[in-house]
Each structure stands twice: as structure tokens, then as C-alpha cells.
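Spelled out from the first residue to the last, the chains are:
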Amino acid sequence: MQALLAFLWSERMDGSTFELPLFLLATFAGAFVAGLSGFAFGLVAASLWLYILTPLQSATLIVGFGLLVQGYSVWRLRRALDRSKLLPFIVGAALGVPTGVSLLTWSDPRTVRIAVGAFLAAYSLYALLRPSLKPISTGGSAADAAVGFLNGVLGGLTGLAGIVVTIWCGLRGWPKDVQRTIFQPVAVTTFLMSALWLGGKGTVTSETVKLFVMGLPCLLIGTWLGLRLFDYIDEAMFRKLVLALLLISGVLLVI
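Attention in this report is confined to the structure presented alongside it. None of the values given here were measured: they were computed from a predicted structure.

The rules we used
Residues numbered from 1 in each chain as written. Predicted model: local features only at pLDDT ≥ 70, side-chain atom pairs only at ≥ 80, totals over all residues. Heavy atoms only, no water. Helix = DSSP H or I, 4+ residues; strand = E, 2+ residues; numbered from the N terminus. Buried < 20%, exposed > 50% of the residue type's maximum accessible area, 1.4 Å probe, protein only. Areas by Shrake-Rupley, 256 points an atom, 1.4 Å probe, with all protein chains shown as cover. Contact = heavy atoms within 4.5 Å. Axes fitted to C-alpha atoms, helices over the stretch in contact; angles between N-to-C directions. Parallel < 35°, antiparallel > 145°, perpendicular 65-115°, else oblique. Nonpolar A, V, L, I, M, F, W, Y, C, P; charged D, E, K, R; others polar. Patch = residues over 30% accessible without salt bridge, like charges linked within 9 Å, V, L, I, M, F, W, Y side chains within 5 Å. Salt bridge = Lys/Arg side-chain N within 4 Å of Asp/Glu carboxyl O. Left-handed = near helix turned anticlockwise from the far one by under 90°.

1. Digging into the overall build of the protein
- When its secondary structure is counted, the protein shows eleven helices and zero strands.
- Starting at the N terminus, the α and β elements of the protein follow one another as α-α-α-α-α-α-α-α-α-α-α.
- Relative to its 255 residues, the protein shows a buried fraction of 48%.
- On the protein, roughly 12,400 Å² of surface is accessible, and the fraction owed to carbon and sulfur atoms is 70%.

Rendered as C-alpha cells:
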């Protein structure tokens, strides 16, 4: 398995026997998990994409697909949005995204792969163990803006646009419904900013556009199935399973 993954990573994706099915499988899996849980499309998809795509292709596709997956959820939440809470995160992201995109254009693929793997493993362990911590109440809007900046950097660099804010919302101790009205709109805004910066730098190639079109059916089917199964599957157990798979994926990326 490791030899196969190393081979796939070492070659540029060209639609070969192994690469195309792996790309489509990762797209479907990411969409399914995002439809079910409301987040984690980029985490799931990138755990396989980064073996067969360049960091630039992976980030660009996560941004494009993420806009579709998360945009629908934000539209449904539009009447519950708290603009005063959202503004610091969005301002921070506006500064962080161009920094992340600039880093992306000259980053080393192996370094990005290892860094993303380490992040996947760390996030999964945190979410699985989730120690009982006193909610963070200090820092106010300035701390929220700093988190938004870091979220923007990560979004511009990897396409993972909502994970830092998701963790921060949990550390703030906000209710679940409040968290969802924060991290999903911030993710969509960061996706949109990243798309504009990537497009402005001319980094969206015809090959990436072709992959986007090829992956759309898997994205739509996966999202639809995730939404359909949300009411029928034990969310807590499924969440633990997904996090365990993300942990394994992160470890494999680092090795």
C-alpha cells in the first residue's frame, strides 16, 4: 500500500487506471461526510488527493467544491446569522487568504503533504479526546480576528477553509447552533476569497477545471446521500468513525 501511494504521489495526475478512481472516490467521500456533518469536505478529500494532485490543484478544487457544498447550508442559515460575531473572522480571513495563496504558489509538495497530515492527525485526536476545558472568554473580537487570519492562511494554502474557526468556536464554548452559524459562513467567505485570489494569480488551469467538472457528479451524489442519511444514522458514532479515518489518513500522509 505504501509503495502504491508513493507511486501515485510521485506522478502528476493524468487520468491513469489508479488515479482517476481515487480522485472520484475522495470527492464522493468528502461530499458525503460534509453533507452528513456540515464540515470536513476538505479534510476527507485532501487525505487522498494530496497523493495524486499538486498542492495547488488540491487547494483549488477544495475551494471550488467547498463553495457548492457549504454555500447551500449557509443559504438555509441566512436568517440566523449574527453579523457582529462574523465580522472579526471575515476581516481576519481577508488578510490571511492572500498570505496563504502566496505561500501555496512556491510551497514544496512533500512539505505541504506532511504539514496537512500532521494537522489532520492533531485535529482528529483533539476531536476524539475533546478534554473538558473552561470556555475561552478573553480576547474578544481581536482574538476572533486573529483566528480568522490563521483560518484564512490555511484556507489559501490548502483549501481547508473552516477548520481553525470550527475548533475555536468549540473552545469559546458557544452553543452548537451558534457555532454552525459562525464556522459555515466563515468557511464560505474564505472559499470565495481564495477562489478570487487563485483566479487572479492565474493558477486555475484547464486541467484543474476538467477535474472539477469530472468530480461534480460524485460531489452532488455524495452530498445528497449525506443529507438523506443525516436523520437515520447515529451522528455521534458516525462522527467518531470519520475522525478515526481522518486520523489514519493523517498518519499515512506524514509517514
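Let's pick the thread back up.
2. Let's talk about the environment of Val153
- Structurally, Val153 can be placed in helix α7 (residues 140–158).
- Apart from residues no more than four positions distant in its own chain, Val153 is found in contact with Gly96, Val97, Thr99, Gly100 and Leu103.

3. Comments concerning the packing of α7 against helix α8 (residues 163–172)
- Running from N to C, α7 and α8 cross one another at 150 degrees; their axes reach a closest spacing of 8 Å. One finds that α7 runs roughly antiparallel with respect to α8. Listed contacts from α8 to Gly140, Ala143, Asp144, Val147, Leu150, Asn151 and Leu154 of α7 are Ile163, Val164, Val165, Trp168 and Arg172.
- Of the residues assigned to the contact of α7 with α8, the class counts are eight nonpolar, two polar and two charged.

4. Side note on a nonpolar patch on the surface
- On the surface, Leu95, Phe149 and Leu150 cluster together to form a nonpolar patch covering roughly 290 Å² of accessible area.
- As for its position among the elements, Leu150 is in helix α7.

5. Quick look at the packing of α8 against helix α9 (residues 176–200)
- Viewed as axis vectors pointing N to C, α8 and α9 meet at an angle of 160 degrees, and their least axial separation amounts to 9 Å. What the angle tells us is that α8 and α9 run roughly antiparallel. Handedness of the α8/α9 crossing: right-handed. Along its contact with α8, which presents Val165, Thr166, Cys169 and Gly170, the element α9 presents Gln179, Ile182, Phe183 and Val186.
- Counted by class, the contact of α8 with α9 contains five nonpolar, three polar and no charged residues.

Everything listed here is a matter of coordinates, which is why it stays silent on function.
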